[in-house]
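Working through the structure, step by step
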Amino acid sequence: SAIADLFDHVPRTLTTLCLEQDWMRVVDTSRLGVQTSTLLDILQPLLQFRLLHTVEIAFAYLPPIDDDGIKSMLEAWPDLTHLTIAPGPSFTIEGDRIPTTKSLVLAATKYPKLKELHLPLVDISDTAAMLVQNESFPGHPLKAISIRPKCDKSEHHRIFQSALLIDRLFPRLEFPLE
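Not measured: the values here are computed from a predicted model.

Ranked by internal contacts, the top residues of the largest apolar core, which has 43 residues, are Met73, Leu74, Trp77 and Ile85. Top element by residues in this core is helix H4 (residues 101-110). It accounts for five residues. Not counting the four nearest positions on each side in its chain, tryptophan 77 is found in contact with Leu46, Leu47, Phe49, Arg50, Leu52 and Val55.

Moving on, we get to the side chain of aspartate 66. Within the secondary structure, aspartate 66 sits in the loop between strand E2 (54-59) and helix H3 (67-76). Here the side chain of aspartate 66 touches aspartate 68 through a polar contact of 3.2 Å, landing on its backbone nitrogen. At 3.0 Å, the side chain of aspartate 66 forms a polar contact with the backbone nitrogen of glycine 69. Setting aside residues no more than four positions away along its own chain, aspartate 66 makes contact with Arg97, Ile98 and Pro99.

So, on to the layout of surface pockets. There is about 300 Å³ of room inside the second largest pocket. In terms of lining residues, the second largest pocket is bounded by 19 residues, among which Ile145, Ala163, Ile166, Leu173 and Phe175 are the most central. If one sorts the elements of the lining of the second largest pocket by residue count, helix H6 (residues 156-169) sits on top with five residues.

The next point concerns the packing of H3 against H4. In contact at an axis separation of 9 Å, H3 and H4 are set at 20 degrees when each is read in the N-to-C sense. Of the possible angle classes, the one that applies to H3 and H4 is roughly parallel. By crossing handedness, the relation of H3 to H4 is classed as right-handed. Contacts from Asp67, Ile70, Lys71 and Leu74 in H3 reach Lys102, Ser103, Leu106 and Ala107 in H4. Of the residues assigned to the contact of H3 with H4, the class counts are four nonpolar, one polar and three charged.

Okay, H4 next. With seven of ten residues buried, H4 is to be regarded as a mostly interior element. Within H4, the full set of buried residues consists of Thr101, Ser103, Leu104, Val105, Leu106, Ala107 and Ala108. Looking at the buried positions of H4, the neighbouring elements they touch are H3, strand E4 (116-118), strand E5 (122-123), helix H5 (127-133), strand E6 (144-146) and H6.

This part takes up the pattern of salt bridges. Inspection of the entire model under this criterion finds four salt bridges. Lysine 71 is the salt-bridge partner of glutamate 75, the closest N and O atoms lying 3.9 Å from each other. Taken as a pair, glutamate 75 and lysine 71 lie in helix H3 at a separation of four residues, close to a single helical turn.

Quick notes on the rules
- Residues numbered from 1 in each chain as written.
- Predicted model: local features only at pLDDT ≥ 70, side-chain atom pairs only at ≥ 80, totals over all residues.
- Heavy atoms only, no water.
- Core = buried A, V, L, I, M, F, W, Y, C linked by side-chain atoms within 4.5 Å.
- Buried < 20%, exposed > 50% of the residue type's maximum accessible area, 1.4 Å probe, protein only.
- Helix = DSSP H or I, 4+ residues; strand = E, 2+ residues; numbered from the N terminus.
- Contact = heavy atoms within 4.5 Å.
- Polar contact = N/O pair within 3.5 Å; in protein donor to acceptor, adjacent residues only side chain to side chain.
- 1 Å grid on protein atoms, 1.4 Å probe; cavity = no way out; pocket = protein on both sides within 12 Å on 5 of 7 lines; lining within 4 Å.
- Points joined across faces, edges and corners; volume = space filled by probe spheres on them.
- Axes fitted to C-alpha atoms, helices over the stretch in contact; angles between N-to-C directions.
- Parallel < 35°, antiparallel > 145°, perpendicular 65-115°, else oblique.
- Left-handed = near helix turned anticlockwise from the far one by under 90°.
- Nonpolar A, V, L, I, M, F, W, Y, C, P; charged D, E, K, R; others polar.
- Salt bridge = Lys/Arg side-chain N within 4 Å of Asp/Glu carboxyl O.

In structure tokens, the structure reads:
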């Protein structure tokens, strides 16, 4: 792939990676019988850079990413302190898999070095179960998080439960006063 070729000559000591792409045209490939690549498929060659601390991915069109993709990235980059996926407006195609609150729980329970986590869209339909199953993690250093919950605007209780879960998982969050 083009990304794999690009990184063939980059030293494995790379600690910061920022991939931006704003020109991609989205084409509905489902009618053509072509499967769209996932974000993990695109990033696969980068998983070998084990020393990454900061990863920022900003694509105009964000390919599907789910809990397994988030887990693979976190496992590949054990020293990760900052993960940002599509910090600005992102467009999703109906039916794409997206991360759930399980990704948040995974980050809290297995990745204590993570200080910032920004995900474009998170399915919060399983939040009630996650609240029951998970205790608080008072020592987790995460200071900043941003997610856009996927739910119907009338589901205020799920948004409230999500806020409770995030507070329980990441009690050291800092909120800007501005």
